[in-house]
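Analysis of the macromolecular model
Chain by chain, the residues:
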Amino acid sequence: MDEKHIEEIKKILDEWNPLGEKANQISDLDEYNTEATDILFHINTEINFKKNKEPQKRIRNIVKEVINQAFSLWLTDKDCEKPSNAIYKILN
């Protein structure tokens, strides 16, 4: 995996901070390292998210599902739009 992209995605997730104040209560958060790695993995593969003609929408779905599953959240497409667009820009 591309460590540079992981670091950039971590920065985006950390600035977005979907956990809000609860982020301080998670001892192994590590600036969203696991989630950034998972997001990049899913972007680069088609295991759970088939590539299609709408890459921005696909990335938004990946971000939403990875973060929701990791932290038992209920984020919407709209909640994930800004960070997923930022991730799309760094990858293109």
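Everything that follows concerns the structure shown earlier in this document.
To keep things clear, this report deals only with the structure shown in the data block. None of these values were measured; they are calculated from a predicted model. (Residues numbered from 1 in each chain as written. Predicted model: local features only at pLDDT ≥ 70, side-chain atom pairs only at ≥ 80, totals over all residues. Heavy atoms only, no water.)

This paragraph deals with the pattern of salt bridges. Overall, the coordinates contain four salt bridges when judged by the stated rule. One salt bridge connects E31 with K10, and the closest N-O pair in it is separated by 3.9 Å. You can see E31 sitting in the loop between α1 (3–16) and α2 (33–44) and its partner K10 sitting in helix α1, a full 21 residues away along the chain. Relative accessible area serves as the criterion here: at 46%, E31 is assigned to the partly exposed category. (Salt bridge = Lys/Arg side-chain N within 4 Å of Asp/Glu carboxyl O. Helix = DSSP H or I, 4+ residues; strand = E, 2+ residues; numbered from the N terminus. Buried < 20%, exposed > 50% of the residue type's maximum accessible area, 1.4 Å probe, protein only.)

Turning our eyes to something else, we now look at unusual backbone geometry. Even without being glycine, N17 reaches a positive phi, approximately 50 degrees. Position of N17 relative to the elements: it lies in the loop between α1 and α2. Judged by its relative accessible area of 25%, N17 is partly exposed. With a phi angle near 55 degrees, E31 is a residue other than glycine that sits in the positive phi range.

Further remarks concern the nonpolar core. Side chains of nonpolar character tend, in soluble globular proteins, to be buried together. Ranked by internal contacts, the top residues of the largest apolar core, which has 22 residues, are L13, Y32, I39, V63 and I87. Elements with a contribution of two residues or more to this core: α1, α2, α3 (55–71) and α4 (77–91). Here this core gets six residues from one element, more than from any other, and that element is α3. (Core = buried A, V, L, I, M, F, W, Y, C linked by side-chain atoms within 4.5 Å.)

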